[in-house]
Amino acid sequence: MQDQYSRKIEYLRISVTDRCNLRCIYCMPEHGIHRLPRETMLTFEELLRLVRIFSALGIRRIRLTGGEPLLRPELPKLIAQINTVRGIERVDLTTNGTLFASMAKELKSAGLQGITFSLDTLCADQFQHITRHDRLNAVLDGLETARSLGFAPIKINCVALSGINDGELVQIASLAKTAPFDVRFIELMPIGCAKAYHGVPTAQIYERLSSYYGSAAALPHSYGSGPAEYVSFPNFQGRIGFISPMTHGFCSQCNRIRLTAQGNLRLCLHHSAGLDLRTLLRSGKNDAALACMIQQTIWNKPSCHSFLQESPLPGAKSYMHTIGG
């Protein structure tokens, strides 16, 4: 499946809930959160129907996100069912890690393959500040459990925040030195609450790491399936990745689409263009009609995001947890 810019679309990120048990300062407001009514969220049956349609159109990889996806009841059941869909090659998960250790064996048995943990600090006090909760040890337990059970790959996403965690970036990178983790540093995207903070450009992060760990070898872009550019530092077991939406545009190679918990097909994090699949599902459209509308919508996937525009397009005011970034 291709869009009008000849990009091959084969990666679908599915948000299974907007709920989260943390309140990261750049992602969610501390109070006054409008939660989606449960009846407006896609059921497992609806999600599986859509996965089958997307698979027939060429989607090969599924990543489950949130909110915090492990808050969705019976998530391992959904993972097992997705793994039975013909054409789906792997199912991965992005999590804040606080609930992972207790569910890890069940997730592994369901066929979950790769895990991405969100972890912006290794300091307990800073973790409390960023997430508004004291759960750092639970996340670290989750990381160790994932390694012991053989999940692969295991990725750690760190959003670099100027004046907050930027003094820890060398220490966070060391997680990839002592274990086969891929530590990825992400430039802050100005969505929702994140507009109140300032990110750290990739070039600055790379300079800090290089001055401490030495020169790194660039890895082929094919190493990852997403926008991260990876390097290998001397004597590291894992790799360091950089996701740079603000300083190094990667939209020309974008291979992904997103499905929100309410069933909205999103073509880009920073565009409102998409398709209300929940309404179409519940209005009785058959699979052939849905597939046709999905193809037409994806054909019109925007050429690039609008983060750098002075007047962002509609939809840019959404909080990240409602999009399933």
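Report follows, based on the coordinates.

1. A word on the pattern of salt bridges
Applying the stated criterion to the full structure yields ten salt bridges. When the shortest N-O distance is used, the salt bridge between Arg-49 and Asp-287 registers 2.7 Å. Placement of the pair is Arg-49 in helix H1 (residues 44–57) and Asp-287 in helix H10 (residues 287–299), with a sequence separation of 238 residues. Given a relative accessible area of 23%, Arg-49 falls into the partly exposed group. Look at Asp-287 and you get partly exposed, because its relative accessible area is 39%. One salt bridge connects Asp-92 with Arg-61, and the closest N-O pair in it is separated by 2.7 Å. Residue Asp-92 is located in strand E3 (residues 90–95), and its partner Arg-61 is located in strand E2 (residues 61–65); the two are separated by 31 residues in the primary sequence. Connected through salt bridges with shared partners, the residues Arg-61, Arg-63, Arg-90 and Asp-92 form a single ionic network.

2. Quick look at the side chain of Arg-72
Structurally, Arg-72 can be placed in the loop between E2 and helix H2 (75–82). Despite its burial, Arg-72 remains without a salt bridge, the nearest opposite charge being carried by Glu-45 at 7.1 Å. Here Val-16 takes part through its backbone oxygen, which lies 2.8 Å from a polar atom of the side chain of Arg-72. Engagement of the side chain of Arg-72 in a polar contact is seen with the backbone oxygen of Leu-42, the distance being 2.9 Å. The residues contacting Arg-72, other than those within four sequence positions of it, are Val-16, Leu-42, Thr-43 and Phe-44.

3. Re the packing of aromatic side chains
Evaluation of the coordinates by the stated rule reveals nine aromatic pairs. Look at Phe-233 and Phe-236: their rings are 5.6 Å apart centre to centre, the planes differ by 45°, and that puts the pair in the tilted class. Using a relative accessible area of 3% as the deciding quantity, one classes Phe-233 as buried. On the basis of relative accessible area, Phe-236 is assigned to the buried category, the value being 11%. The positively charged end of Arg-61 is found above the aromatic ring belonging to Tyr-11, 4.6 Å away from the centroid. The cationic tip of Lys-108 hangs over the ring face of Phe-151; the distance from NZ or CZ to the ring centre is 4.8 Å.

4. Focus: the environment of Leu-188
Relative to the helices and strands, Leu-188 is located in the loop between strand E6 (182–186) and helix H8 (202–213). In this structure the C-alpha to C-alpha distance between Leu-188 and Leu-161, which are 27 residues apart in sequence, comes to 7.2 Å. Excluding anything up to four places from it in sequence, Leu-188 contacts Tyr-26, Val-159, Leu-161, Ala-194, Tyr-197, His-198, Gly-199 and Met-246.

5. Topic: the sheet that holds strand E10 (residues 256–259)
Read from one edge to the other, the open sheet built from twelve strands follows the order E7-E8-E9-E6-E5-E4-E3-E2-E1-E10-E11-E12, with strand pairing classed as mixed. The outermost strands of the open sheet, each flanked by one partner alone, are strand E7 (217–218) and strand E12 (274–276). Contacting strand E4 (115–118) and strand E5 (154–159), helix H5 (residues 136–149) crosses the sheet at an angle of about 155° to E5.

Calculation notes
- Residues numbered from 1 in each chain as written.
- Predicted model: local features only at pLDDT ≥ 70, side-chain atom pairs only at ≥ 80, totals over all residues.
- Heavy atoms only, no water.
- Salt bridge = Lys/Arg side-chain N within 4 Å of Asp/Glu carboxyl O.
- Helix = DSSP H or I, 4+ residues; strand = E, 2+ residues; numbered from the N terminus.
- Buried < 20%, exposed > 50% of the residue type's maximum accessible area, 1.4 Å probe, protein only.
- Lys, Arg positive; Asp, Glu negative; His and termini not counted.
- Polar contact = N/O pair within 3.5 Å; in protein donor to acceptor, adjacent residues only side chain to side chain.
- Contact = heavy atoms within 4.5 Å.
- Phe/Tyr/Trp six-rings, centres within 6.5 Å; stacked < 30°, edge-to-face > 60°.
- Lys NZ or Arg CZ within 6 Å of the ring centre and 35° of its normal.
- Pairing = 2+ DSSP bridges.
- Axes fitted to C-alpha atoms, helices over the stretch in contact; angles between N-to-C directions.

In short, the description is geometric, and any link to function would need to be established separately.
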